[in-house]
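If you want the building blocks of each chain, they are given just below.
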Amino acid sequence: MPPRTRYDTISEIAKRRGFFWPSFEIYGGMSGYVTYGDLGTKLKRSIEALWKEYFVRKQGFLELDDPIINPERVFEASGHLENFKEYSAECTQCGRSFRADHLVEEKTGMENVEAMGGEAIKHLMLEHRIRCPNCGGELKEPVLFLPMFKTEIGATGGEVGYARPETAQAMFLNYKRGYQHAREKLPFAVAQSSKVMRNEISPRRGAIRVREFTIMELELFFDPQDPGCPWFREVENVVIKLSTEEMEAKEVKELLETSIGEAVEDGLILTEWQGYFMGVSQRFITALGMPPEKQRFRAHLPDERAHYSAQTYDHEVLFETWGWIEISGCAYRTDFDLRNHMEASGVDMTVLREDGTRYVPHVVEPSYGLDRLFLSVLEATYERKQKRNILHLPRELAPYQVAVFPLVTKDGLPEKAREVHDLLLDKGFWVVYDEAGSIGRRYARADEIGVPLAVAVDYDTLKNDVLTIRDRDTWKQVSLSLAELPGVLEAYFKGEKDFLDLGTLVIRG
Ligand code: GAP
């Protein structure tokens, strides 16, 4: 048996406690699909809410919700049908197909083989005599495959449609509405968090690569002659680790540490808008629990870059099991998409400048895979301490905020604990009640699902309305009165108070 990886441990807890598990389990499962349980659904929702805090609400950006299945002509115009392809190698014996660049990476330890292009991938397959990882059979020469789900819209004779592989096209198709709703002023952005589908060739690495996932992305429209970002000053001093296109081409391993301001000034990041979103991105990912030293931004080489992009920086985080994994891409899409849709639809999408000239707006796009952020949060916050599993989830993300326990299940303590539980529910908290097993086991169960605070109801509560709160991260306890409880919890979850400010520290002799 190979040694258990950190990912194995985390996914075992995830399955057992209800964060996520492989879909279609009762029919033997199918790779590339995951199902989120109660805790996972709630955690995903709070990550999405935090993304909106960082990228939508404060900037006053607009939101959109658009269909998943699009008619074929959308993806003809966007260039996806021609360009959104990957190299697939089929086994001559078992018939299974694999992503050719990933096979090369697994066999050679090389990184980012996709960026080397089709001919190099074919050559490397031959040079390293790569065979089928499933049955050892010979593989056919890799061919380009379009990883999009095709369907028919309507009954017989209906139109060909595709499930969208990104939400971005919706923002371009509805650009004129957005412009109107933004009072015909640029810059403005339209954001969308929604499901997309990709018929991934051979999804492995657990839930990192799936066939149906949530993308959270926004398209920022601006005048290329007026490319300044009004909030750039807020991030110009954020220090990031960068691997530029030149460094990638020369295979420089050491990362460049630079401020966002310097990187834009030196032309390493092409626009202020990309710089702004990259700075916000580092803050956002840090708020999810991933420290800056486990984050980097890596530029795409031209062969890896999407057909629409003039420059893309992937934001990557370090997983113990897999190394660096892309969690988002920040792309400068220029006027590529609007121009293509304008030509294909005949609808004018130009904007009039004050000097009478017309232009097609340019676009910068930060795009996040919510499911990968979800895994990053578990990766960043899981700790094994004194034989216990703890998820140090940031308090604003925790699926359940408070656990309520009676010390013992007699003498009226469960009834009192239920009262406290109901009171906190009424005040709007997400609360779990647990009376099964020893109080130590109940604390351990709450730690494992990342409940930040556990309230214990004991004989002092019955007598004097005094309770204790235990902190998941330090295992310290404070005592306070029941009357104070809702107020201090509210302050704690708003980030206005730290744990030790919630009551009087309990010192156990
Ligand atoms: N609109 C830009 C776009 O779609 P992308 O890099 O292809 O860019 C954006 O995808 C993000 O979606 C990635 O950074 C990654 O986090 C996530 N993602 C891409 N493919 C995925 C997959 N098969 N499973 C889970 N997440 C995926």
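Residues numbered from 1 in each chain as written. Predicted model: local features only at pLDDT ≥ 70, side-chain atom pairs only at ≥ 80, totals over all residues. Heavy atoms only, no water.

Asks: How would you sum up the overall build of the protein chain? Please name residues and give values.
Replies: Looking only at helices and strands, one finds 17 helices and 27 strands in the protein chain. At 26 Å, the protein chain has a C-alpha radius of gyration in line with the 23 Å of a compact globule built from 509 residues. Viewed in the frame of its principal axes, the protein chain has a C-alpha envelope of about 75 × 65 × 55 Å. A total of 509 residues make up the protein chain; the buried ones form 53% of that total. If you take every contact in the protein chain between residues at least 6 apart in sequence, the share linking residues at least 24 apart comes to 66%. In the form shown here, the protein chain has an accessible surface area of approximately 24000 Å², with 48% of it arising from carbon and sulfur atoms. Taking the average place of the 65 positive charges on the side chains of the protein chain and the average place of its 82 negative ones, the gap between the two points comes to 6 Å. (Helix = DSSP H or I, 4+ residues; strand = E, 2+ residues; numbered from the N terminus. Rg over C-alpha atoms; globule rule 2.2 N^0.38 Å. Buried < 20%, exposed > 50% of the residue type's maximum accessible area, 1.4 Å probe, protein only. Contact = heavy atoms within 4.5 Å. Areas by Shrake-Rupley, 256 points an atom, 1.4 Å probe, with all protein chains shown as cover. Lys, Arg positive; Asp, Glu negative; His and termini not counted. Charge placed at Lys NZ, Arg CZ, Asp CG, Glu CD.)

Asks: Could you give an account of the environment of Thr357, with specific residues and numbers?
Replies: Checked against the element boundaries, Thr357 lands in the loop between β17 (351-352) and β18 (358-359). Exposure remark for Thr357: the relative accessible area of 35% places this residue in the partly exposed category. Excluding its chain neighbours within four sequence positions, the residues that come into contact with Thr357 are Val351 and Leu352. Here the side chain of Thr357 touches Asp355 through a polar contact of 2.6 Å, side chain to side chain. (Polar contact = N/O pair within 3.5 Å; in protein donor to acceptor, adjacent residues only side chain to side chain.)

Asks: Go over helix α12 (residues 336-345), please, and point to the residues and values.
Replies: Those residues of α12 that fall on the buried side of the exposure criterion are Asp337, Leu338, Asn340, His341 and Met342. Of the surrounding elements, those touching the buried residues of α12 are α3 (72-78), α7 (168-173), α8 (175-181), β11 (212-222) and β16 (323-334). Just beyond α12, the residue with positive phi is Gly346, at close to 80°.

Asks: An account of the domain arrangement of the protein chain is requested, with residue identities and associated values reported.
Replies: By a frequent convention, interface size equals the accessible area lost on bringing the separate parts together. Here the protein chain is partitioned into domain 1 (6-85 + 146-380) and domain 2 (400-505). At the junction of the two partners, domain 1 supplies 8 residues and domain 2 supplies 5 residues. Of all residues in domain 1, Arg17, Leu39 and Lys42 bury the most surface against domain 2, accounting for 62% of the area lost on that side. Linking domain 1 with domain 2 are 2 salt bridges, by the criterion used here. (Domains from an automatic or database assignment. Buried area = accessible area lost by both parts, 1.4 Å probe. Salt bridge = Lys/Arg side-chain N within 4 Å of Asp/Glu carboxyl O.)

Asks: Which residues make up helix α11 (residues 272-287), and what values do they have?
Replies: Between its first and last C-alpha atoms α11 spans 23 Å; for 16 residues at 1.5 Å apiece the expected length is 22 Å, and the two agree. With respect to burial, α11 is a largely interior element, 13 of its 16 residues being buried. (Expected span 1.5 Å × (residues − 1).)

Asks: Could you give an account of unusual backbone geometry, with specific residues and numbers?
Replies: Omega for the peptide link from Leu186 to Pro187 comes to 0°, which places this bond in the cis form. Considering the arrangement of structural elements, one finds Pro187 in the loop between α8 and β10 (188-197). Within the chain, Glu184 stands out as a residue other than glycine whose phi angle is a positive 55°. In this structure, Glu184 sits in the loop between α8 and β10. One non-glycine residue, Glu251, adopts positive backbone phi at about 55°. In this fold, Glu251 is placed in the loop between α9 (245-249) and β13 (256-259). For Glu251, a relative accessible area of 61% gives the class exposed.

Asks: An account of the sheet that holds strand β12 (residues 239-243) is requested, with residue identities and associated values reported.
Replies: Taken together, 9 strands build an open sheet; the order of strands is β3-β10-β11-β19-β16-β15-β14-β12-β13 and the sheet is mixed. Edge positions in the sheet fall to β3 (62-63) and β13, since each of these pairs with one other strand and no more. Direction of pairing for β10 relative to β11: antiparallel, over a ladder of 10 bridges. Counterpart to Ser193 in the pairing with β11 is Met216. (Pairing = 2+ DSSP bridges.)

Asks: Describe the packing of aromatic side chains, and please don't skip the residues or the numbers.
Replies: Centre distance and the angle of the planes are the two values used to describe a pair of aromatic rings. If you walk through the whole model with that rule in mind, you get 29 aromatic pairs. A ring pair is formed by Phe429 and Phe493, whose centres lie 6.2 Å apart and whose planes are at 55°; its orientation type is tilted. Taken as a pair, Phe429 in the loop between α14 (413-426) and β23 (431-433) and Phe493 in helix α17 (residues 485-493) lie far apart in primary sequence, 64 residues in all. Residue Phe429 shares its accessibility class with Phe493, and that shared class is buried. Look at Tyr492 and Phe493: their rings are 5.0 Å apart centre to centre, the planes differ by 90°, and that puts the pair in the edge-to-face class. Under the relative-accessibility criterion, Phe493 is labelled buried at 15%. By way of ring pairs, the aromatic residues Tyr54, Phe55, Phe61, Trp231, Trp273, Tyr276, Phe277, Phe284 and Tyr368 are connected into one cluster. Against the face of Trp475 rests Lys385, its NZ or CZ located 4.3 Å from the ring centre. Sitting over the face of the ring of Tyr492, Arg395 holds its NZ or CZ atom 3.8 Å from the ring centroid. (Phe/Tyr/Trp six-rings, centres within 6.5 Å; stacked < 30°, edge-to-face > 60°. Lys NZ or Arg CZ within 6 Å of the ring centre and 35° of its normal.)

Asks: Give a detailed account of the nonpolar core, specifying residues and quantitative values.
Replies: In terms of nonpolar packing, the biggest core is built from 75 residues, with Phe20, Ile47, Phe277 and Phe284 touching the most fellow members. No fewer than three residues from each of domain 1 (6-85 + 146-380) and domain 2 (400-505) sit in this core. Residue contacts for Phe20: discarding those within four places in its chain leaves Tyr7, Ser11, Ala14, Lys15, Val34, Thr35, Tyr36, Gly37, Ala207, Phe374, Leu375 and Leu378. Tyr433, Val457, Leu480 and Phe499 belong to the second largest nonpolar core, which has 24 residues in total. (Core = buried A, V, L, I, M, F, W, Y, C linked by side-chain atoms within 4.5 Å.)

Asks: Now, about a nonpolar patch on the surface: what can you tell me, with residues and values included?
Replies: On the surface, a nonpolar cluster with roughly 560 Å² of combined accessible area is contributed by Phe24, Ile26, Tyr27 and Met30. Topologically, Ile26 is positioned in the loop between β1 (20-22) and β2 (34-36). Note on Ile26: relative accessible area 76%, which makes it exposed. (Patch = residues over 30% accessible without salt bridge, like charges linked within 9 Å, V, L, I, M, F, W, Y side chains within 5 Å.)

Asks: Run through the sheet that holds strand β7 (residues 143-145), naming residues and quoting values.
Replies: One open sheet holds the 3 strands; their spatial order is β6-β5-β7, and the pairing between them is antiparallel. The sheet is open, and its two borders are formed by β6 (97-99) and β7, each paired with just one other strand. Strand-to-strand twist of the sheet, defined as the mean angle between neighbouring strand axes without regard to direction, takes the value 50°. Note: strand β5 (residues 86-90) against β6, 3 bridges, orientation antiparallel. Bridge pairing in β6 links Ala89 to Phe98. Contacts from helix α5 (residues 100-108) reach β5 and β6 within the one sheet, and its direction differs from that of β6 by about 70°. (Axes fitted to C-alpha atoms, helices over the stretch in contact; angles between N-to-C directions.)

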